[in-house]
Amino acid sequence: MSSFPFYLSASRRTDIPRFFVNEFFLAWRAGEITYDGGYGRTHTVSLRHPDVLGFIFWSKDFAPLVNHPLFEKLISVNNAVFHFTINDCPDLEPRVAPLAQRMETLRALCGLVGTERVLWRFDPVCKYRSPGGTFKTNDEAFFRIAPMIAQLGIRHCYFSFMTFYNKLNGRGVEFAKFTLQEKTDISRRMLAACREANIALYSCCNPEVPALAPGIKTAHCIDEAILRATDRFGVHRELALKPTREGCGCFESRDIGSYGQKCPHGCLYCYANPFL
């Protein structure tokens, strides 16, 4: 186990708050979690309060976490921030809850933890061949959702253009790459909408985007400044940059999700291990 405390990420590998929340709380009560880090390796991490600086939760649907009887106890003794991915593209996200339902969950989450700890993700922006045969993009939903996010008082949005991986082949949908002009046009329209809504827009793992639309910031999705500002217990320590892939601006954390925990959302663009 680690000899000094970390922020724990739960998780970029799978949707723990939506589908594995009971396993998480069993581990939390036991004081440690063992996870599959891939390549035949398992790791055990302490979840004891002195060993945890805080949690970074990631999900498309926080309802099971928010409604869990131990959630309020968890946040009463731990720092936490929440990356809530809210897109609206049933073509590519076949088993994600309806948008209205997720917005109600978002409202409840903000009421419990404060909007300064909730970060909106519209991720990824995709170009794909629709069931009708023509190519389309999913960014239209961004402009419908942004005003609703702003009304709740959330002030950070993170987005990226889809990254192509070989594992995406054979998922029954044809993805296409954006031209540089398409990226420029979409990024500038998203930036304009965010400025109108008083939301800061961050580009995740697309280092070319801030130059295409000046005003978009380079993302640190695990952001030392936000973690420092939201620390309620005086435990934050200086963090090192520790990117997880090209273009990533994240600071150090330990991800406690397992690749073996297939995500039932089944999103067709997923780079992790969806249940399809």
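Residues numbered from 1 in each chain as written. Predicted model: local features only at pLDDT ≥ 70, side-chain atom pairs only at ≥ 80, totals over all residues. Heavy atoms only, no water.

1. What to know about the overall build of the protein
The secondary structure content of the protein amounts to nine helices and twelve strands. C-alpha atoms of the protein, sized along the principal axes, occupy 50 × 40 × 35 Å. Here the protein holds 276 residues, and 57% of them are scored as buried. Contacts spanning at least 24 positions in sequence make up 73% of the contacts within the protein whose residues lie at least 6 apart. In the form shown here, the protein has an accessible surface area of approximately 12,600 Å², with 52% of it arising from carbon and sulfur atoms. (Helix = DSSP H or I, 4+ residues; strand = E, 2+ residues; numbered from the N terminus. Buried < 20%, exposed > 50% of the residue type's maximum accessible area, 1.4 Å probe, protein only. Contact = heavy atoms within 4.5 Å. Areas by Shrake-Rupley, 256 points an atom, 1.4 Å probe, with all protein chains shown as cover.)

2. So, the packing of aromatic side chains
Counted under the stated rule, the structure contains 17 aromatic pairs. Consider the rings of F71 and F82, whose centres lie 6.1 Å apart with planes at 70 degrees: the pair is edge-to-face. Pair noted here: F71 is in helix α4 (residues 71–77) and F82 is in strand β5 (residues 80–85), with a separation of eleven residues, a long-range link. The residues F71 and F82 share a single accessibility class, namely buried. Here W120 and F142 contribute two aromatic rings whose centre-to-centre distance is 5.1 Å and whose plane-to-plane angle is 10 degrees, an arrangement assigned as stacked. Taken together, the positions of W120 in strand β6 (residues 118–125) and F142 in helix α6 (residues 140–152) put the pair 22 residues apart, joining distant regions of the chain. Of the residues examined, F142 reaches a relative accessible area of 0% and is grouped as buried. Above the plane of the ring of F6 lies R237, whose end atom (NZ or CZ) is 5.3 Å from the centre. Its end group placed over the ring of F6, R254 keeps NZ or CZ at 5.8 Å from the ring centre. (Phe/Tyr/Trp six-rings, centres within 6.5 Å; stacked < 30°, edge-to-face > 60°. Lys NZ or Arg CZ within 6 Å of the ring centre and 35° of its normal.)

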